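Inside the fold
Each chain, written out:
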Amino acid sequence: MFNLLKISIGKIFVYFYVSIAVLSLIIIACVSLFLYKNFYQTITSSAEVLVLRREVAIEDIDMNKFEEIVQKIEGKTESRQAGFSINFR
């Protein structure tokens, strides 16, 4: 049977071992990518959060004053009626 295909048992084992090696490299690459995205990047982003948390203002925000300022800004940006008319004749 193997004489018809001209493939020896040695070649079959070589192809088998090469395919196992390639498959192992692909699996290692996928596992490394998974670990990088789900663990390393999470750890670095949590470290950045801790650094940014130290830089945040310690005082609480007075929401009533904030709403008052927002309303004043909205009042300034509203359109108003002009006290005069323009005649183009």
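Residues numbered from 1 in each chain as written. Predicted model: local features only at pLDDT ≥ 70, side-chain atom pairs only at ≥ 80, totals over all residues. Heavy atoms only, no water.

**Points about the overall build of the chain**
- Regarding its fold elements, the chain presents 3 helices and 0 strands.
- Reading the secondary structure of the chain in the N-to-C direction produces α-α-α.
- Seen through its principal axes, the chain has C-alpha atoms that stretch 105 × 55 × 15 Å.
- Buried positions account for 0% of the 89 residues belonging to the chain.
- Considering the chain, the positive charge centre built from 10 side chains and the negative charge centre built from 9 side chains are found 18 Å apart. (Helix = DSSP H or I, 4+ residues; strand = E, 2+ residues; numbered from the N terminus. Buried < 20%, exposed > 50% of the residue type's maximum accessible area, 1.4 Å probe, protein only. Lys, Arg positive; Asp, Glu negative; His and termini not counted. Charge placed at Lys NZ, Arg CZ, Asp CG, Glu CD.)

**Structural notes on the packing of aromatic side chains**
- Under the definition given, this model contains 4 aromatic pairs.
- Consider the rings of Tyr36 and Tyr40, whose centres lie 5.5 Å apart with planes at 25°: the pair is stacked. With Tyr36 and Tyr40 both in helix α2 (residues 9-55), this residue pair falls 4 residues apart, about one helical turn.
- We classify Tyr40 as partly exposed; its relative accessible area is 49%.
- Here the aromatic cluster, defined as three or more aromatic residues joined through ring pairs, consists of Phe13, Phe16 and Tyr17. (Phe/Tyr/Trp six-rings, centres within 6.5 Å; stacked < 30°, edge-to-face > 60°.)

**Digging into the pattern of salt bridges**
- Under the defined criterion, the tally for this structure stands at 1 salt bridge.
- Among the ionic pairs, Glu68 bridges to Lys72, the shortest N-O distance being 3.5 Å. Placement of the pair is Glu68 and Lys72 together in helix α3 (residues 63-77), with a separation of 4 residues, close to one helical turn.
- According to the relative accessible area criterion, Lys72 is exposed, its value standing at 53%. (Salt bridge = Lys/Arg side-chain N within 4 Å of Asp/Glu carboxyl O.)

**Focus on α2**
- Taking 1.5 Å as the rise per residue, α2 with 47 residues should run 69 Å; its terminal C-alpha atoms sit 68 Å apart, in good agreement.
- For α2, the principal kink sits at Tyr36 and spans about 35°. (Expected span 1.5 Å × (residues − 1). Bend = angle between axes of the 7 residues up to and from the residue.)

**A few points about a nonpolar patch on the surface**
- A cluster of nonpolar side chains, Ile7, Ile9, Ile12, Phe13, Phe16, Tyr17 and Ile20, forms an exposed patch at the surface whose accessible area comes to about 660 Å².
- Along the polypeptide, Ile20 turns up in helix α2.
- Looking at Ile20, the relative accessible area reads 38%, which means it is partly exposed. (Patch = residues over 30% accessible without salt bridge, like charges linked within 9 Å, V, L, I, M, F, W, Y side chains within 5 Å. Areas by Shrake-Rupley, 256 points an atom, 1.4 Å probe, with all protein chains shown as cover.)

**Quick look at the confidence of the model for the chain**
- For the chain, the mean per-residue pLDDT works out to 84, and 92% of the residues sit at or above 70.
- At the low end of the mean pLDDT range in the chain sits helix α1 (residues 2-5), at 56; at the high end sits α3, at 90. (pLDDT = per-residue confidence, 0-100.)

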